[in-house]
Amino acid sequence: MENELLKKVRKIEIKTRSLSHQIFAGEYHSAFKGRGMAFSEVREYQFGDDVRNMDWNVTARLRAPYVKVFEEEREMTVVLMVDVSSSGIFGTTIRTKRELIAEIAAVLSFSASINNDKVGALFFSTKVEKFIPPKKGRSHLLRILRELLEFTPQESGTDISEALRFLTNAIKKRCNAFLLSDLLDVDANAAPKYEEALKIAANRHDLSVIEIYDPRERTLPDVGLVRVCDAESGAQRWINTSSASVRKSYSQWNEKVQAEAEKLFRKTKVESVSISTSDDYVKNLISFFKRK
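Residues numbered from 1 in each chain as written. Predicted model: local features only at pLDDT ≥ 70, side-chain atom pairs only at ≥ 80, totals over all residues. Heavy atoms only, no water.

Asker: I would appreciate a short explanation of the overall build of the protein in the present structure.
Answerer: Looking only at helices and strands, one finds nine helices and ten strands in the protein. Burial status across the protein gives 48% buried among its 292 residues. Contacts in the protein between residues at least 24 apart in sequence constitute 74% of all its contacts with a sequence separation of at least 6. For the protein, the accessible area works out to roughly 15600 Å², and carbon and sulfur atoms hold 50% of it. (Helix = DSSP H or I, 4+ residues; strand = E, 2+ residues; numbered from the N terminus. Buried < 20%, exposed > 50% of the residue type's maximum accessible area, 1.4 Å probe, protein only. Contact = heavy atoms within 4.5 Å. Areas by Shrake-Rupley, 256 points an atom, 1.4 Å probe, with all protein chains shown as cover.)

Asker: How should I be thinking about the sheet that holds strand β5 (residues 128-135) in this particular structure?
Answerer: Strands sit in the order β5-β4-β3-β6-β7-β10 across an open sheet of six strands; the sheet is mixed. This sheet does not close on itself; its edge strands, each paired only once, are β5 and β10 (271-276). Each strand axis lies, on average, 15 degrees off the axis of its neighbour in the sheet, ignoring direction. Sheet analysis places strand β4 (residues 118-124) next to β5, joined by five bridges and oriented antiparallel. Residue Leu-122 lies in a different strand from β5, and its bridge partner there is Phe-131. (Pairing = 2+ DSSP bridges. Axes fitted to C-alpha atoms, helices over the stretch in contact; angles between N-to-C directions.)

Asker: Even after reading the chapter, I still don't get the pattern of salt bridges, so can you show me in this structure?
Answerer: When charged atoms on two side chains of opposite charge get close, those side chains can pair. According to the stated counting rule, one finds twelve salt bridges in the structure shown. Asp-222 is the partner of Arg-247 in a salt bridge, and the nearest nitrogen-oxygen pair spans 3.8 Å. Taken together, the residues Arg-247 in helix α8 (residues 244-268) and Asp-222 in the loop between β7 (206-213) and β8 (225-229) connect sequence positions 25 residues apart. Residue class for Arg-247 comes out partly exposed when judged on its relative accessible area of 23%. Judged by its relative accessible area of 48%, Asp-222 is partly exposed. Because the salt bridges share partners, they merge into one network encompassing Glu-195, Glu-196, Lys-199 and Lys-267. (Salt bridge = Lys/Arg side-chain N within 4 Å of Asp/Glu carboxyl O.)

Asker: Can you walk me through the packing of aromatic side chains in this structure?
Answerer: The geometry of an aromatic ring pair is captured by two quantities: the separation of the ring centres and the angle between the planes. Tallied over the full model, the rule gives four aromatic pairs. Plain terms: the ring middles of Phe-123 and Phe-151 are 5.3 Å apart, the flat faces sit at 25 degrees to each other, and that makes the pair stacked. With Phe-123 in strand β4 and Phe-151 in the loop between α5 (138-150) and α6 (160-170), this residue pair connects regions lying 28 residues apart in the sequence. Look at Phe-123 and you get buried, because its relative accessible area is 1%. The class for Phe-151 is buried, based on a relative accessible area of 17%. Residues Phe-288 and Phe-289 carry aromatic rings whose centres are separated by 5.3 Å and whose planes lie at 70 degrees to one another, so their mutual orientation is edge-to-face. Each member of the pair, Phe-288 as well as Phe-289, carries the same accessibility label: buried. The ring centre of Tyr-213 lies 3.5 Å from the NZ or CZ of Arg-218, which sits over that ring. (Phe/Tyr/Trp six-rings, centres within 6.5 Å; stacked < 30°, edge-to-face > 60°. Lys NZ or Arg CZ within 6 Å of the ring centre and 35° of its normal.)

Shown next, in the form of structure tokens:
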């Protein structure tokens, strides 16, 4: 069993490390570096200096033009917020949602490591199941990778607010946080239950959302009478997929869920990307980081 796990870890390490070099040679660096600028000193203005960095108080006091000099904060902290709720085991293509989340999280981990950043991980369901504080080093990365592949949650449901509140309380210094989830945490009106927690976390940290979904969650195929089960609650029911009205209602509900989430992300200025289990996630991630 342990040997099988080691083989899995090694396989995904080789693949994701390679992808990290390909995807984020420039995109990751340009998306996040330079965001944190620490004040270093004031010096006299030199030809070519950016006038936006003028220190007008010192200039007025010394009666000569002075500029503020900033130093880029090289070391960053990346925190992966990984949804391990039971809805992640669903998959109708080449992989489940949880498998795709794990692979993308691994790519982000190695990308951060290549950039000499600390990496931490937070696994959540209806509670924070496990928190791995940010650190550097290969052994630390492999620990995160092992958990991504093998972690078994105690709870089956989803509470994104709980994860966001934990992030806000546990990480005091501004970090780059990635929420990897199917975002299936909505009320009866399809509105996200995590709105307030997201607002607070987005003000404290540089938060990005990577939504993972399966194509069959958005459109039903016409395959007759089907028994479906909610993986998180265990509730079961029969639905007639041959009914045009049933398929239409299903699609409309999912469209509303997506629209409400997108509206929230626009309002809070949180960057997001939706990736299907059938997609080439490499292209999606590259375009996502280019937008950032």
